[in-house]
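# Per-entry structural report
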Amino acid sequence: MASDFSANPYVLRKLASSAKGVDKKKLKRINDALLRADLQMKTTSVNPWLLVEAALVGIGK
């Protein structure tokens, strides 16, 4: 699977253990925050890294 995504197998193994603790509610919150950031990157002139930071802060709440 790692080669399908051009990802490092070590990183995927580490993420797999973290992903087990993510339920649908948390996944929806993560998806919504990243979707908002993506839309803002495409429709505003705000620095993309600030949008990523805001999304991560939103996910962490």
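This text follows the structure it describes.
Scope of this entry: the structure provided in the associated data block. (Residues numbered from 1 in each chain as written. Predicted model: local features only at pLDDT ≥ 70, side-chain atom pairs only at ≥ 80, totals over all residues. Heavy atoms only, no water.)

### Examining the overall build of the protein chain
Helix and strand content of the protein chain: 3 helices and 0 strands. Each helix and strand of the protein chain, ordered N terminal to C terminal, gives the series α-α-α. Here the protein chain has a C-alpha radius of gyration of 14 Å; the compact-globule value for 61 residues is 10 Å, and the former is much larger. Expressed as a percentage of its 61 residues, the buried residues of the protein chain come to 10%. Element-wise, carbon and sulfur atoms account for 63% of the exposed surface of the protein chain, whose accessible area totals about 5,400 Å². The protein chain carries 11 positive and 5 negative side-chain charges, and their two centres are separated by 7 Å. (Helix = DSSP H or I, 4+ residues; strand = E, 2+ residues; numbered from the N terminus. Rg over C-alpha atoms; globule rule 2.2 N^0.38 Å. Buried < 20%, exposed > 50% of the residue type's maximum accessible area, 1.4 Å probe, protein only. Areas by Shrake-Rupley, 256 points an atom, 1.4 Å probe, with all protein chains shown as cover. Lys, Arg positive; Asp, Glu negative; His and termini not counted. Charge placed at Lys NZ, Arg CZ, Asp CG, Glu CD.)

### What about the pattern of salt bridges?
Taken as a whole and assessed by the stated rule, the structure comprises 2 salt bridges. Of the charged contacts in the structure, one is a salt bridge between Asp32 and Lys28, with a shortest N-O distance of 2.9 Å. Here Lys28 and Asp32 lie together in helix α2 (residues 24–43), a separation of 4 residues that amounts to about one turn. A salt bridge links Lys42 to Asp38, with the shortest nitrogen-to-oxygen separation between them at 3.0 Å. One end of the pair, Lys42, and the other, Asp38, are both in helix α2, 4 residues apart, so they sit about a helical turn from each other. The class of Asp38 is partly exposed, set by a relative accessible area of 31%. (Salt bridge = Lys/Arg side-chain N within 4 Å of Asp/Glu carboxyl O.)

That's the geometry; what it means functionally is another story.
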